[in-house]
Amino acid sequence: MTVKEASSTTYEKGTSQASASAVTTGESVLVLGTTTSTTITATQVTVEAAGSEGSAASTAAGVVPFTQGAPSAAKKVGQIPANYTEGSGTIVSGTPANNATEAALAAYPGGVVDRVVKLSNGEYEAHYIGVNWPHHIFIDQAYKVVGAF
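Residues numbered from 1 in each chain as written. Predicted model: local features only at pLDDT ≥ 70, side-chain atom pairs only at ≥ 80, totals over all residues. Heavy atoms only, no water.

Asks: Go over the overall build of the chain, please, and point to the residues and values.
Replies: Secondary structure summary: the chain contains 2 helices and 10 strands in total. Ordered by position in the sequence, the α and β elements of the chain form the string β-β-β-β-α-β-β-α-β-β-β-β. Burial analysis of the chain (149 residues in total) assigns 36% to the buried set. If you take every contact in the chain between residues at least 6 apart in sequence, the share linking residues at least 24 apart comes to 53%. Surface accessibility of the chain: about 8300 Å² in total, with carbon and sulfur atoms responsible for 53%. (Helix = DSSP H or I, 4+ residues; strand = E, 2+ residues; numbered from the N terminus. Buried < 20%, exposed > 50% of the residue type's maximum accessible area, 1.4 Å probe, protein only. Contact = heavy atoms within 4.5 Å. Areas by Shrake-Rupley, 256 points an atom, 1.4 Å probe, with all protein chains shown as cover.)

Asks: How would you explain the nonpolar core if you had to name every residue and give the values?
Replies: With 22 residues, the main nonpolar core has Tyr108, Val116, Ile137 and Ile139 as its most contacted residues. For this core, the elements supplying multiple residues, two or more each, are β3 (29–36), α2 (94–107), β7 (112–118), β8 (124–129), β9 (136–139) and β10 (145–148). The element best represented in this core is α2, accounting for 6 residues. (Core = buried A, V, L, I, M, F, W, Y, C linked by side-chain atoms within 4.5 Å.)

Asks: Requested: an account of the pattern of salt bridges, with residues and values cited.
Replies: Summed over all chains, the structure comprises 1 salt bridge. The shortest N-O distance in the salt bridge between Asp114 and Arg115 comes to 3.5 Å. (Salt bridge = Lys/Arg side-chain N within 4 Å of Asp/Glu carboxyl O.)

Asks: Explain the pairing of β3 to me, and be specific about the residues and the numbers.
Replies: In this structure, β3 lies alongside strand β4 (residues 39–47), joined through 8 bridges in antiparallel fashion. Residue Val29 lies in a different strand from β4, and its bridge partner there is Val47. Between the end of β3 and the start of β4, which pair antiparallel, lie 2 residues, with Ser37 showing a positive phi angle near 55 degrees. (Pairing = 2+ DSSP bridges.)

Asks: Quick one: what's the story with the sheet that holds β8, residue by residue and with numbers?
Replies: Here we have 6 strands laid out as an open sheet, ordered β5-β10-β9-β8-β7-β6, and antiparallel in their pairing. Every interior strand has two partners, whereas the edge strands, β5 (77–78) and β6 (90–91), have only one. Pairing geometry for β8 and β9, over 4 bridges, is antiparallel. The partner of His127 across the bridge, within β9, is His136.

Asks: Give a description of α2 that names residues and reports values.
Replies: Since the α-helix turns once every 3.6 residues, residues separated by three or four places project in the same direction. The end-to-end C-alpha distance of α2 is 20 Å, a good match for the 20 Å that 14 residues give at a rise of 1.5 Å each. Within the span of α2, buried status applies to Ala97, Ala100, Thr101, Ala103, Ala104, Leu105 and Ala107. (Expected span 1.5 Å × (residues − 1).)

Asks: Which residues make up the environment of Val31, and what values go with them?
Replies: Along the chain, Val31 falls in strand β3. Taking the C-alpha atoms as reference points, Val31 and Thr101, 70 residues apart in sequence, are found 9.9 Å from one another. Among residues more than four places away in sequence, those in contact with Val31 are Val3, Ile40, Ala42, Gln44 and Val45.

Next comes the structure, spelled out in structure tokens:
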């Protein structure tokens, strides 16, 4: 992917605000924005802490991590909303979608969130593609990953 910087792009290093100079070659970053073909126009760029690659967040969330490219059985972990049905909810954008996406990718690095929906209980479901599991990641109102399948 090509990342295109906009005048409104914001930067973070971990959880602190930063400038574009915080991004250096070889560092893992999370880029949120809009896509066109193979280009992301960045609204937010977060530099991940060295060595984190999402593993600490995954452990803290109590969610089972996966290895990219390794086959895994379909499974459910954590809390799945009792009344959840695929396709339910309302697609969201902006800050709620960015926060839910960031939480999902921190817990499960390696895939792509292609949409975020707000469920009737106020929680979020991130639709996750590019890996064989998970496909749905559930995030509570405090943007903590609570379950996946």
